[in-house]
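Now for the letters of each chain:
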Amino acid sequence: MQHLLGIEDLDREQIERILARAEGLAEVGRRDIKKVPTLRGRTVVNLFLEPSTRTLSSFELAAKRLSADVVSIKAQGSSVEKGESLKDTVATLTAYDPAAIVIRSAQAGASRLVAQWTDASVINAGDGKHEHPSQALLDVYTLRRHFDSLDGRKIWIVGDVAHSRVARSCALAFGKVGAEVTLCGPPTLLPREIDRALGCETADSLEGIEQADVIYALRMQKERMSQSLIPSLREYAAEYQIDSRRLLPRQLLMHPGPVNRGVELSSEVIDSPQSLITEQVESGLFVRMAILYELLAGKGSDDSEPVSEPPRIGQPA
Ligand code: ASP
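This one's a predicted model, so the numbers in the text were calculated from it and none came from an experiment.

### Side note on the overall build of the protein chain
Alright, step 1. Secondary structure assignment for the protein chain yields 10 helices and nine strands.
Alright, step 2. In terms of overall dimensions, the protein chain is globule-like: its C-alpha atoms have a radius of gyration of 21 Å, near the 20 Å expected for 317 residues.
Alright, step 3. Residue burial in the protein chain is summarised as follows: out of 317 residues, 53% are buried.
Alright, step 4. Counted over contacts in the protein chain with a minimum sequence separation of 6, partners at least 24 positions apart contribute 74%.
Alright, step 5. Here the protein chain displays about 15200 Å² of accessible surface, and carbon together with sulfur accounts for 48% of that area.
Alright, step 6. For the protein chain, the centre of its 38 positive side-chain charges and the centre of its 44 negative side-chain charges are spaced 3 Å apart.

### Some remarks on the pattern of salt bridges
Alright, step 1. Summed over the entire model, instances satisfying the criterion amount to 20 salt bridges.
Alright, step 2. Here Arg144 and Glu16 are joined by a salt bridge, their closest N and O atoms 2.9 Å apart. With a gap of 128 residues between them, Arg144 in helix α5 (residues 133-144) and Glu16 in helix α1 (residues 12-29) connect regions that are remote in the sequence.
Alright, step 3. Using a relative accessible area of 23% as the deciding quantity, one classes Arg144 as partly exposed.
Alright, step 4. Of the charged contacts in the structure, one is a salt bridge between Glu223 and Arg219, with a shortest N-O distance of 2.7 Å.
Alright, step 5. Linked through salt bridges whose partners overlap, the residues forming this network are Glu50, Arg165, Arg219, Glu223 and Arg224.

### Things to note about the nonpolar core
Alright, step 1. Counting residues in each nonpolar core, the largest one holds 66 residues, and the members touching the most others are Leu137, Leu143, Ile157, Phe174, Leu183 and Leu292.
Alright, step 2. Here this core takes nine residues from helix α10 (residues 277-296), the largest share from any one element.
Alright, step 3. Counting 24 residues, the second-largest nonpolar core is a separate cluster that includes Leu206, Leu247, Leu265 and Ile270.

### Quick look at the sheet that holds strand β4 (residues 121-127)
Alright, step 1. With parallel pairing, the four strands of this open sheet are ordered in space as β2-β1-β3-β4. Strands at the two margins of the open sheet, each flanked by one partner only, are β2 (69-74) and β4. Ignoring strand direction, the axes of neighbouring strands in this sheet form an average angle of 10°.
Alright, step 2. Of the pairings in the sheet, the one linking strand β1 (residues 43-48) to β2 comprises six bridges and is parallel in character. What sits directly across from Asn46, in β2, is Ser72.
Alright, step 3. The sheet contacts of helix α4 (residues 110-117) involve β3 (100-105) and β4, and relative to β4 the element is tilted by about 160°.

### Examining the side chain of Ser78
Alright, step 1. Within the element layout of this structure, Ser78 appears in the loop between β2 and α3 (86-94).
Alright, step 2. On the accessibility criterion, Ser78 (14% relative accessible area) is buried.
Alright, step 3. Separated by 3.1 Å, the side chain of Ser78 and the backbone nitrogen of Val80 make a polar contact.

### Looking at the environment of Val102
Alright, step 1. If you trace the backbone, Val102 turns up in strand β3.
Alright, step 2. Relative accessible area serves as the criterion here: at 0%, Val102 is assigned to the buried category.
Alright, step 3. Measuring from C-alpha to C-alpha, the distance between Val102 and Gly126 comes to 9.5 Å, with 24 residues separating the pair along the chain.
Alright, step 4. Residues within four places of Val102 in sequence aside, it is in contact with Val44, Val45, Asn46, Leu47, Phe48, Phe59, Ile123 and Ala125.

### Remarks on the sheet that holds strand β8 (residues 214-217)
Alright, step 1. Pairing is parallel in the open sheet, where five strands are placed in the order β7-β6-β5-β8-β9. With one partner strand each, in any of the chains shown, β7 (201-203) and β9 (252-254) form the two edges of the open sheet. On average, adjacent strands in this sheet sit at an angle of 20° to one another, irrespective of strand direction.
Alright, step 2. Contacts from helix α6 (residues 165-176) reach β5 (154-158), β6 (180-184) and β8 within the one sheet, and its direction differs from that of β5 by about 175°.

Conventions adopted
- Counting from 1, residues in each chain are numbered in the order their sequence is written.
- Residues qualify for local features only when their pLDDT is at least 70, as the model is predicted, and side-chain atom pairs are given and counted only at 80 or more; totals for whole chains, interfaces and linings, by contrast, use all residues.
- Here the side-chain values reflect all heavy atoms present in the structure, with hydrogen atoms and water set aside.
- Helix and strand assignments follow DSSP, with helices taken as H or I runs no shorter than four residues and strands as E runs no shorter than two, numbered in order from the N terminus.
- For a compact globule the rule gives 2.2 Å times the number of residues to the power 0.38, and the radius of gyration it is set against comes from C-alpha atoms.
- A simple rule labels every residue: compare its accessible area, found with a 1.4 Å probe on the protein chains alone, to the largest value its type can have, and call it buried under 20%, exposed over 50%, or partly exposed in between.
- It only takes one pair of heavy atoms within 4.5 Å for two residues to be counted as in contact.
- Calculation of accessible area relied on Shrake-Rupley with a 1.4 Å probe; when residues are assessed, cover is drawn exclusively from the protein chains displayed.
- Charge assignment in this entry is limited to Lys and Arg as positive and Asp and Glu as negative, and neither His nor the chain termini are counted.
- By convention, the point assigned to a charge is CZ for Arg, NZ for Lys, CD for Glu and CG for Asp.
- Salt bridges are counted wherever a side-chain nitrogen of Lys or Arg sits within 4 Å of a carboxyl oxygen of Asp or Glu.
- Here, nonpolar core refers to any group of buried Ala, Val, Leu, Ile, Met, Phe, Trp, Tyr and Cys residues whose side-chain atoms link them within 4.5 Å.
- Strands pair, by our definition, only if DSSP identifies at least two bridges between them.
- Here an axis means a line fitted to C-alpha atoms, over the contact stretch when the element is a helix, while the angle between two N-to-C directions is reported on a 0 to 180 degree scale.
- By the criterion applied in these results, polar contacts are pairs of N or O atoms within 3.5 Å in which, for protein atoms, one can donate a hydrogen and the other can accept it, and in which residues neighboring in sequence qualify only through two side-chain atoms.

The following block contains the structure:
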């Protein structure tokens with residue numbers, strides 16, 4: 001695998017390989033010294049042109065735990081703010097000969113473009129409302145810690161489906177590992193034909209959600225809405241909020257973060273024992289280490305070359 005641009009490009013075998021690798025790397029996380037030398041001497045660039053807490057911190061830490069050199073650039077404070085184009089920014093960063101560029105952008109398809117402009121492996125850390133593959137992989141990994149298999153498990157993804165890259169990547173990933181996915185939300189936030197495109201069911205009310213093994217709530221993506229698609233957040237919450245009345249004791253609860261408390265989830269379910277939200281963050285580190293490992297380990301490293309002595313001062317180089 002050269003890049004990770006979307007779950008749409010992966011088959012079940014590739015997903016399983018990354019998850020198995022993540023399990024091995026989770027063991028490293030339990031050691032006193034949580035570092036392995038796999039990517040020593042390689043550079044990972046994080047280019048985050050949209051806000052992020054979890055994804056950026058875990059890609060940074062993942063690369064450091066694999067001993068890579070890490071550079072993280074955010075839109076704010078960088079030359080992107082001065083109007084530099086994505087192509088020029090990538091050309092600048094490519095001058096450091098990075099092994100990987102992890103990119104987050106508001107533009108769907110940005111990571112695929114970047115992959116055409118650089119020899120580095122490109123990882124899509126979220127491109128507009130298109131995909132967020134590392135999120136979906138960490139979510140499958142998290143669920144595997146609770147269910148032996150996801151085959152036949154019922155997962156409801158609830159909320160702003162239309163603007164959510166997480167909904168797209170998770171629906172594809174959960175489906176590829178055998179789960180039955182239902183996408184649920186107000187009709188204005190549920191694109192037509194999405195069931196056919198992603199191979200899942202759709203529902204415009206919570207009726208039937210009691211059958212779900214897992215409820216996966218989405219954040220309202222206000223930054224991607226050009227018009228008002230719901231009457232108000234209060235009315236949305238009345239119809240679609242997952243609260244302690246709607247979450248059954250046998251059901252697991254997930255959310256990619258950041259959560260709008262009191263909108264898509266009530267405070268008591270966020271803090272309930274069924275909530276996997278913190279576990280998702282923990283899994284993110286191991287799964288992102290596994291992604292970097294899968295794309296970079298063994299490729300393009302100079303480990304096989306003998307390390308030459310640096311020339312001494314006064315001697316010809
Ligand atoms: N953090 C996730 C994303 O970047 C989910 C969200 O922002 O709602 O897509």
